[in-house]
Amino acid sequence: GLDRGSKSQISTFSSFVSTVTQKKEAAENRSSPAHLALPNIRNVRDLPPICLDVRQKQRMSMDALPSEVKVPALPEPTLPSQPKSVKDFEEDLEKAESTGNWKTVHAFYITTFDSFPELNAAFKKDATASFNTIEDSGVNADLVNAVFDALLNTPQDIQKSVLKGIINSLLREWKGPRTKDDLRAYFILLQNPQFNITSTYVIYAHLLRQIATLVEADHHFLVHWLKKLSQKKFKQLVERLLQFVSLRLFPAKPEEFPPLTKCSWWIPSASKVLALLNTANNLIHPPLIPYTDFYNSTLDHIDLMEEYHTWQSFGNSHRFSFCQYPFVISIAAKKIIIQRDSEQQMISIARLTRKRADLKKKLKVTFVGEAGLDMGGLTKEWFLLLIRQIFHPDYGMFTYHKDSNCHWFSSFKCDNYSEFRLVGIELAHGLKELLSYEGNVEEDFYSTFQVFQEEFGIIKSYNLKPGGDKIPVTNQNRREYVQLYTDFLLNKSIYKQFAAFYCGFHSVCASNALMLLRPEEVEILVCGSPELDMHALQRSTQYDGYAKTDPTIRYFWDVVLGFPLDLQKKLLHFTTGSDRVPVGGMADLNFKISKNETSTNCSYEHQGLHGENQSQRKEVIS
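Position numbers for residues count from 1 along each chain, tracking the sequence in the order it is written. Totals for whole chains, interfaces and linings use all residues, but because this is a predicted model, local features are given only for residues with pLDDT of at least 70 and pairs of side-chain atoms are given and counted only at 80 or more. Hydrogen atoms and water are omitted, and side-chain values are computed over all heavy atoms in the structure.

Per an unreviewed UniProt entry, the protein chain carries the name HECT-type E3 ubiquitin transferase and comes from Cricetulus griseus. UniProt positions are given in the numbering used here, feature names are shortened, and annotations may be inferred rather than shown by experiment. The UniProt entry for the protein chain carries the following comment under Catalytic activity (unreviewed entry): "S-ubiquitinyl-[E2 ubiquitin-conjugating enzyme]-L-cysteine + [acceptor protein]-L-lysine = [E2 ubiquitin-conjugating enzyme]-L-cysteine + N(6)-ubiquitinyl-[acceptor protein]-L-lysine."

What follows is the structure, given as structure tokens:
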């Protein structure tokens with residue numbers, strides 16, 4: 001609730017309708033500007049759709065332009081004159097706090113939030129300018145921040161007046177497309193901190209719905225305006241929306257909200273607005289916030305497979321699924337989806353006789369001459385040894401590029417391309433210097449449409465196009481050269497190798513669930529996380545023959561926690577076969593310290609401590 005010293009709640013959306021109706025009837029007696037101007041989209045950049053279907057299915061369209069769009073466009077409405085600087089507002093606020101007379105501040109809030117034109121009059125940097133560009137919203141961000149930062153500390157009648165004004169604006173009967181002033185109003189209202197309070201969620205939901213159903217061109221404007229917010233404000237918007245979704249799914253007080261069947265559009269609308277923020281975040285390098293800040297851990301507790309099957313069956317149609325917005329699903333949840341989907345695939349192919357299908361089965365590893373129960377550690381070490389061999393330069397499958405620190409397929413011809421099915425990589429390569437060079441490319445680079453590659457010590461040449469060795473690279477054709485060169489490196493020179501790798505990869509990982517992953521998430525799932533939390537490992541460690549309060553154990557953790565990072569990684573590699581942490585964190589390592597009753601020494605073991613790590617045991621323990 002907003003009442004000082006009281007837990008009573010703000011009246012819900014419906015309780016304001018009568019008040020709004022009275023104001024609308026009074027407004028009908030005076031002329032009001034029309035909002036039928038078509039949006040100026042000449043400055044809109046070509047951007048990818050806000051919410052792509054990750055499997056290239058038909059994209060969901062949440063909005064359809066009304067028939068009023070076809071009427072002739074009218075000019076932008078004339079905005080009321082409401083000049084107020086940040087200094088003026090702060091002086092009024094300080095005076096109200098010292099005297100207790102809030103009349104001036106109250107009048108400002110009532111007038112400002114009474115309508116979209118008034119919002120623009122108050123917060124637009126220049127009321128006479130159109131600001132019809134995607135790069136500049138024209139909003140006085142400092143004043144918006146000052147007004148909203150002070151709002152929650154004002155008396156209750158002011159806060160209620162703001163909400164009533166917002167309702168009045170949202171209930172307005174729209175005719176035709178939105179103007180840029182309307183988009184600015186949505187942009188401003190989205191930052192209102194009152195929407196952190198659950199009693200305002202009905203109003204917040206209607207705001208989100210109107211933003212979600214804007215046409216794509218308007219979404220592009222909002223995306224570019226959102227990316228200009230400060231990191232703090234941007235993060236607040238994301239957290240507010242995630243909380244809104246979480247509390248709608250699992251409300252602390254179900255009676256606060258309408259029945260879920262009557263507001264099924266709440267979560268889809270919030271997810272669409274989150275998609276706008278996610279797109280804005282991805283346009284910034286580095287992004288405003290980490291992509292993991294979009295994860296909603298509440299979704300870990302819903303039926304993820306039902307969400308996945310809904311997405312599989314309906315794609316991005318009008319049947320909502322969180323899989324349409326995979327950026328909100330945590331990597332731990334995605335791992336569960338992939339694992340269960342893989343299990344279901346194994347069941348479906350269980351009756352097949354083709355040996356390739358065996359690659360989907362669970363792998364158990366035993367090293368000759370070594371005892372050990374494979375609970376994951378032995379398999380991990382076996383793959384580690386295998387990968388080292390495969391990527392060794394003498395093996396010839398991959399070449400290492402020092403500049404990019406990446407391996408890529410070797411382009412040499414071989415007889416058995418099936419080995420390339422075992423391993424995968426990503427490639428990062430560019431020719432930025434050539435493209436950005438301001439001098440004479442032909443004279444200074446002296447290159448032709450020909451490339452050279454070393455294959456087992458022998459230099460071979462390849463033409464990028466017919467007669468390429470006689471065609472010089474110039475300022476005019478350098479982009480074509482880069483395109484052909486990149487196509488040669490990534491495709492033509494290693495076509496057979498990559499085709500075999502691709503076939504092998506998808507024979508094991510043929511799951512649409514992979515399409516839910518970002519490249520960074522694929523790397524974490526395959527390689528683990530390089531970030532160690534030894535305190536978390538200490539909390540999850542199991543003991544056999546020891547108690548965690550025993551002196552030996554306390555001494556052990558005192559030493560380990562005091563290790564520098566490189567030694568901690570060596571210890572982790574020694575005990576688990578890898579110096580990285582799996583998805584799920586240290587708790588998934590099954591780390592155990594056991595006491596050997598026949599010796600005074602203790603042994604530190606993980607399921608799978610053996611092999612070449614065994615030779616390190618004496619040195620590490622000592």
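There's more to say after this.
1. Here's the deal with the overall build of the protein chain
Scanning the protein chain for helices and strands turns up 23 helices and seven strands. Relative accessibility thresholds used throughout: buried, under 20% of the residue-type maximum; exposed, over 50%; partly exposed, between the two (1.4 Å probe, protein chains only). Relative to its 622 residues, the protein chain shows a buried fraction of 43%. Here, two residues are considered to be in contact whenever any of their heavy atoms come within 4.5 Å of each other. Contacts spanning at least 24 positions in sequence make up 72% of the contacts within the protein chain whose residues lie at least 6 apart. Where accessible areas are quoted, they stem from the Shrake-Rupley method and a 1.4 Å probe; at the residue level, only the protein chains shown are allowed to cover. Surface exposure of the protein chain reaches about 34,000 Å², of which carbon and sulfur atoms provide 53%. Strands are runs of DSSP state E lasting at least 2 residues, helices are runs of H or I lasting at least 4, and numbering of each runs from the N terminus.

2. A word on the nonpolar core
To define a nonpolar core, start from buried Ala, Val, Leu, Ile, Met, Phe, Trp, Tyr and Cys residues and group those joined through side-chain atoms within 4.5 Å. Within the largest apolar cluster, 91 residues are counted, with the highest numbers of intra-cluster contacts made by Tyr-109, Phe-113 and Phe-123. Filtering out sequence-adjacent residues up to four positions away, Phe-113 remains in contact with Leu-119, Phe-123, Val-147, Phe-148, Val-162, Gly-165, Ile-166, Ser-169 and Leu-189. If you look at the next biggest cluster of nonpolar residues, it comprises 17 residues, including Met-534, Leu-537, Val-560 and Phe-591.

3. Quick look at the confidence of the model for the protein chain
As a per-residue quantity, pLDDT reports the predictor's confidence and falls between 0 and 100. Across the protein chain, pLDDT averages 76, with 71% of residues at or above 70. Taken together, the stretch residues 413–425 has pLDDT below 50 and engages in 30 contacts with residues farther than four places along the chain or on a different chain.

4. Brief notes about the packing of helix H9 (residues 216–226) against helix H11 (residues 266–282)
In helix packing, the relevant descriptors are the interaxial angle and the interaxial distance, both defined with respect to the helix axes. Axes, fitted as lines to C-alpha atoms, cover a helix only where it is in contact. Angles between the N-to-C directions of the axes lie from 0 to 180 degrees. At a minimum axis separation of 8 Å, H9 and H11 run at an interaxial angle of 55°. Relative to H11, H9 is oriented oblique. The handedness of the crossing between H9 and H11 comes out as right-handed. Along the contact surface, H9 presents His-219, Val-223 and Leu-226, while H11 presents Lys-272, Leu-276, Leu-277, Thr-279 and Ala-280. Throughout this description, any angle smaller than 35 degrees is read as roughly parallel, any larger than 145 degrees as roughly antiparallel, any in the 65 to 115 degree range as roughly perpendicular, and the remainder as oblique. In a left-handed crossing the near helix is turned counterclockwise from the far helix by less than a right angle, and in a right-handed crossing that turn is clockwise.

5. A look at the packing of helix H3 (residues 103–112) against helix H6 (residues 156–170)
At their nearest, the axes of H3 and H6 sit 8 Å apart, and the two run at 15° to each other. Viewed along their axes, H3 and H6 adopt a mutual orientation that is roughly parallel. Considering only the axes of H3 and H6, their crossing is right-handed. Contact with H3, carried on its side by Val-105, His-106, Tyr-109 and Ile-110, involves Asp-157, Ile-158, Ser-161 and Val-162 of H6 and no other residues of that element. Split into classes, the residues belonging to the contact of H3 with H6 amount to five nonpolar, two polar and one charged. Gly counts as polar in this scheme, as do all residues outside two lists: the nonpolar Ala, Val, Leu, Ile, Met, Phe, Trp, Tyr, Cys and Pro, and the charged Asp, Glu, Lys and Arg.

6. Here we look at the pattern of salt bridges
A pair is scored as a salt bridge if a Lys or Arg side-chain nitrogen falls within 4 Å of a carboxyl oxygen belonging to Asp or Glu. Under the defined criterion, the tally for this structure stands at 14 salt bridges. Between Lys-235 and Asp-293 there is a salt bridge; the shortest N-O distance is 2.9 Å. Of this pair, Lys-235 sits in helix H10 (residues 231–249) while Asp-293 is found in the loop between H11 and helix H12 (304–314), placing the two residues 58 residues apart along the sequence. We note a salt bridge from Lys-492 to Asp-487, for which the minimum N-O separation is 3.6 Å. By relative accessible area, which is 25% here, Asp-487 ends up partly exposed. Because the salt bridges share partners, they merge into one network encompassing Lys-124, Asp-181 and Arg-184.

7. Some points on the packing of aromatic side chains
Any aromatic ring pair is given by two values, namely how distant the centres are and how the planes are angled relative to each other. Here a pair means two rings of Phe, Tyr or Trp (six-membered ring of Trp) with centres within 6.5 Å. Their orientation is stacked below 30 degrees between planes, edge-to-face above 60, and tilted elsewhere. Following the criterion strictly, the structure yields 29 aromatic pairs and no others. Measuring from centroid to centroid gives 6.4 Å for Tyr-201 and Tyr-204, while their planes differ by 40°, and the two rings are tilted. Pair noted here: Tyr-201 and Tyr-204 are both in helix H8 (residues 201–212), with a separation of three residues, about one helical turn. The class of Tyr-201 is buried, set by a relative accessible area of 0%. Looking at Tyr-204, the relative accessible area reads 1%, which means it is buried. Between Tyr-291 and Tyr-295 the ring centres are 6.1 Å apart and the planes differ by 80°, which places this aromatic pair in the edge-to-face class. Note on accessibility: Tyr-291 and Tyr-295 belong to one class, buried. Three or more aromatic residues joined by ring pairs make a cluster, and in this case those are Phe-195, Tyr-201, Tyr-204, Phe-244, Phe-257, Trp-265 and Trp-266. The criterion is that NZ of a Lys, or CZ of an Arg, lies within 6 Å of the ring centre and within 35 degrees of the ring normal, and then a charge sits over that ring. Positioned above the aromatic ring of Phe-221 is the side chain of Lys-180, whose terminal nitrogen or guanidinium carbon lies 4.7 Å from the ring centre. For Arg-248, the ring lying beneath its charged end belongs to Trp-266, and the centroid distance is 5.5 Å.

8. A few points about H6
Here, expected helix span is obtained from the residue count minus one, scaled by 1.5 Å. Its 15 residues give H6 an end-to-end C-alpha distance of 21 Å, which sits within 8% of 21 Å, the value for a rise of 1.5 Å per residue. Burial of H6 is extensive: 12 of the 15 residues sit out of reach of the surface. All of the buried residues in H6 are Gln-156, Ile-158, Gln-159, Ser-161, Val-162, Leu-163, Gly-165, Ile-166, Ile-167, Asn-168, Ser-169 and Leu-170.

9. A look at a negative patch on the surface
Like charges are joined within 9 Å and nonpolar side chains (Val, Leu, Ile, Met, Phe, Trp, Tyr) within 5 Å, but only among residues with over 30% relative accessible area and no salt bridge; these make up the patches. We treat Lys and Arg as the positive residues and Asp and Glu as the negative residues; His and chain ends play no part in the count. Lysine's charge is taken at NZ, arginine's at CZ, aspartate's at CG and glutamate's at CD. Residues Asp-88, Glu-90, Glu-91, Glu-94 and Glu-97 make up a contiguous surface patch of negative charge. With respect to the helices and strands, the residue Asp-88 is situated in helix H2 (residues 86–99). The class for Asp-88 is partly exposed, based on a relative accessible area of 34%.

10. A few points about the environment of Tyr-291
Note that Tyr-291 resides in the loop between H11 and H12. Between the C-alpha atoms of Tyr-291 and Val-328, which are 37 residues apart in sequence, the distance is 9.0 Å. Residues within four places of Tyr-291 in sequence aside, it is in contact with Arg-518, Glu-520, Glu-521 and Ile-524.

11. So, the environment of Leu-222
For Leu-222, the position within the fold is in helix H9. According to the relative accessible area criterion, Leu-222 is buried, its value standing at 4%. With 54 residues separating them in the primary sequence, Leu-222 and Leu-276 have C-alpha atoms 7.6 Å apart. If near-sequence neighbours (up to four positions away) are discounted, Leu-222 is found in contact with Leu-183, Phe-187, Ile-211 and Leu-214.

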